[in-house]
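# Observations on chain architecture
Letter by letter, the chains look like this.
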Amino acid sequence: MNHPNTFTSIDAAIDALIAHVGSRIVIAIPLAIGKPNPFVNALYRRVKESPVLHLKILTALSFERPRGHSDLEQRFLGPFVERVFGDYPDLDYVADSRHGRLPPNIEIYEFFMKTGDYLGNAVAQQHYIYSNYSHVARDMVVHGVNVLAQAIAVDETGPERRYSLSSNPDVTIDLLELYRSQPERGAISVGVINRKMPFMPNDAEVAADLFDIMIDDPASTHDPFAPPNMKVDLQDYAIALWASTMVPDGGTLQIGIGSLGDGVAHALIVRERHNAEFRRIISGLARADQPTLPAFCHVDTFRKGLYGCSEMFVNGFLWLIDAGIVRRDVYPDIALQRLLNLGTITKEITPATLTALHAAGRISDPLTTNDVAFLQRFGILRADVKWQAGMLARDGLTFSATLAPGAMFDTMCANCLGTTLAGGVFLHGGFFLGPRRFYQALRDMPPERLAHINMSRIRYINELLGHEEIAALQRTDARFINTTMMVTLLGAAVSDGLDSGQLVSGVGGQYNFVAMGHALPDARSILLMRAWRTKKDKVHSNIVWSYGHTTIPRHLRDIVITEYGIADLRGHADEEVIKRLLAITDSRFQAELAALAKANGKLNASYEIPDAQRHNLPERIEKSLTPWHDEGLLPDFPLGTDFTDDELVIVRALARLKRSSEHPLELVKMLIESTVEQVFDQKDVPDRYLDRMGFHEAHGLKDKLMRTLFVGNI
């Protein structure tokens, strides 16, 4: 094919695709919002209607608009979903897969699933590909991918169109390079323009000829999937606050999506903007046996700032950028980065910058053509300086290219040097996902600031192989913060699956970052975990003796954080690891776990849990943090919310009602009390709540009962 063959019709592009690859289509599409949904849906329908065709889709994180499970949830979600998700089109294969309707000529394979969505779905579980994120491109080749399709952004403000992989250069760059080096495989790439995708520069910006087929159909432009921010409760805040003390100024940060990630971002902002209060909060969380924080904890503000290196660019990073915390630029040059790390040079350009680069062997004396290109790339020489016959020229004047001290060197520096290093980035990300405001902020961000965000290949971000030296120089004092579901008392982590073999989500990049936390100098792997959970009204410990599935093996144990504190496990013997994990275990389970450890010969029979560690209970966390929540320093939605104030009231009412519905006697009691007290009368609650739920005029027994229960929980 010519590069690219442009179509203004999705259907016409599919005709060309089938004509090229034949009846068996094996298509790779990015995870999350990088999917070209309208194109995928049209292709899916075409194959579904034609038994002679066969379609195999390889992807991850396939989203659909939220739907309520009950009539009350549906009443609430309808207007909210329309407002928040806009014209986002659901993927047809998701609905068919969820309901067991996939036709025999279509297969869906995913390497990461939306958390918990496919538990019990036999087809999805059987077709799950258990792969590190950094190995996905390699593994897709194993499946014989012959089509790569990607939603792309376009910039039409200049004289020529520019194209960007936007949110998903993650696997795409590596996969395209693999196939470009193996043309005999006959794979083709499809770029589908979505004008609502934020345009990202740097590594995400690509030439049009990267694609064999370009689709510019108005039908392919739609809102990206925009999950609302989750509430951060006090249990999450306690975990996040402890995690925020692990991040040193001048270091490197990775965090993930969800309430814990949001909590960490907000805790770092509190540490920066309200440092005195932050120190008091941490002191209030500490146990009686922790009069002082461990030496590895940090509570100071950020003078140098942080560099973000995270497979996922989450909303929390945007808030950290706006707060001036994520601002430490790194540069893709070993000599330059090393000099910056050593403090030999700074971002401010002076004659000493040239002298230091020469002493390090990075540039020659006199300068060469390559030296000038390097110096201009990083703003050390001004952009308007020309290279003419071994001399530097600017404004009609020429200057010697020698670096020898003297008048000629001083004159050259005075006329040719820039002021501040250019070309640095303070965030590397592989893909992004966030609420509507997050995408709009990226669209509105000034180009000079957006240039500091580099969406890049996942193999660069998640691994060290092939770029060990520059990665080590950039990722100083790295803190890789991830979430886990359970931890065994010997330090193994369970983050993505059950002991039945059912996958809850996927390993993604967690193993990559944990391993990198051990490989890089001064780096730490940090796993965040809620100490307890409830299931069917029963409380369970998330620290367990053993489990039949692990994501992170115990030999990679490092730092584990629960709401009750920090357990530094690195380098310690099994008995000490057990003691440290018991110290951050909910006290309702400490005795049972200690007994198991003793019974299995891993804990001395005489060991007693210190009294100061026997008060790890939710009440202690609530007592410590509730005042800060009430003062507004630890709000429910620290990074904002798409819910209106009225919707938040309704959400709380529905949550109470859901809990009651799980307890029949409580539900009956509530119904009787509500009926007797006639709290369903419209005068007892604002009309707007009843209107929002369609209860202003309730007809029929069912509607009246639902209104009664709803109003009774307001």
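See the structure above.
## Focus: the pattern of salt bridges
In the structure shown here, the tally under the stated rule is 43 salt bridges. Its salt-bridge partner being Asp 236, residue Arg 530 comes within 2.8 Å of it at the nearest N-O pair. Pair noted here: Arg 530 is in the loop between strand S20 (524-528) and strand S21 (532-535) and Asp 236 is in helix H8 (residues 234-244), with a separation of 294 residues, a long-range link. Between Asp 384 and Arg 382 there is a salt bridge; the shortest N-O distance is 3.3 Å. Classification of Asp 384 as partly exposed rests on a relative accessible area of 32%. The structure contains a network of salt bridges with shared partners spanning Glu 64, Arg 67, Asp 90, Arg 98, Lys 114 and Asp 117.

## Re the sheet that holds strand S10 (residues 252-254)
Strand order in the open sheet formed by eight strands is S16-S15-S11-S10-S17-S20-S24-S25, and the pairing between neighbours is mixed. One side of each edge strand has no neighbouring strand; the edge strands of this open sheet are strand S16 (453-455) and strand S25 (565-568). The average undirected angle you get between the axes of adjacent strands in this sheet is 20°. Both strand S24 (residues 559-562) and S25 contribute to a ladder of four bridges, which runs antiparallel. Across the sheet, the residue bridging to Ile 559 is Asp 568, located in S25.

## What to know about helix H1 (residues 10-21)
With 12 residues, H1 should cover 16 Å at 1.5 Å per step; its first-to-last C-alpha distance of 16 Å lies within 8% of that length. Listing the buried residues of H1 in full gives Ile 10, Ala 13, Ile 14, Ala 16, Leu 17, Ile 18 and Val 21. Structurally, the start of H1 carries an N-cap: the backbone nitrogen of Asp 11 is 3.4 Å from a side-chain oxygen of Ser 9. Gly 22 lies just past H1 and shows a positive phi near 95°.

## So, the sheet that holds strand S23 (residues 543-544)
If you walk across this open sheet you meet the three strands as S19-S18-S23, and the pairing is mixed. Looking at which strands have only one partner, the edges of the open sheet turn out to be strand S19 (493-494) and S23. Relative to S23, strand S18 (residues 486-488) runs parallel, the two being bridged by two bridges. Bridge pairing in S23 links Thr 488 to Val 544.

## Some words on the packing of H1 against helix H2 (residues 37-48)
Across the interface, H1 lies against H2 with an axial gap of 10 Å and an inter-helix angle of 60°. Put simply, H1 runs oblique to H2. Crossing handedness for the pair H1 and H2: right-handed. Note on element contacts: H2 touches H1 through Pro 38, Phe 39, Ala 42, Leu 43 and Arg 46, opposite Ile 10, Asp 11, Ile 14, Asp 15, Leu 17 and Ile 18. Here the contact of H1 with H2 is built from residues that sort into eight nonpolar, no polar and three charged.

## Considering the environment of Thr 350
Locating Thr 350 in the fold gives a position in the loop between helix H12 (334-342) and helix H13 (351-359). On a C-alpha basis, the gap between Thr 350 and Ile 380 in space is 8.6 Å, while along the polypeptide they are 30 residues apart.

## What to know about unusual backbone geometry
Geometrically, the link from Asp 365 to Pro 366 is a cis peptide bond, its omega value of 0° lying close to zero. Among the secondary structure elements, Pro 366 is positioned in the loop between H13 and helix H14 (369-377). The residue Ala 32 is not glycine, and still its phi comes out positive at about 60°.

Rules and cut-offs
- Residues numbered from 1 in each chain as written.
- Predicted model: local features only at pLDDT ≥ 70, side-chain atom pairs only at ≥ 80, totals over all residues.
- Heavy atoms only, no water.
- Salt bridge = Lys/Arg side-chain N within 4 Å of Asp/Glu carboxyl O.
- Helix = DSSP H or I, 4+ residues; strand = E, 2+ residues; numbered from the N terminus.
- Buried < 20%, exposed > 50% of the residue type's maximum accessible area, 1.4 Å probe, protein only.
- Pairing = 2+ DSSP bridges.
- Axes fitted to C-alpha atoms, helices over the stretch in contact; angles between N-to-C directions.
- Expected span 1.5 Å × (residues − 1).
- Polar contact = N/O pair within 3.5 Å; in protein donor to acceptor, adjacent residues only side chain to side chain.
- Parallel < 35°, antiparallel > 145°, perpendicular 65-115°, else oblique.
- Left-handed = near helix turned anticlockwise from the far one by under 90°.
- Contact = heavy atoms within 4.5 Å.
- Nonpolar A, V, L, I, M, F, W, Y, C, P; charged D, E, K, R; others polar.

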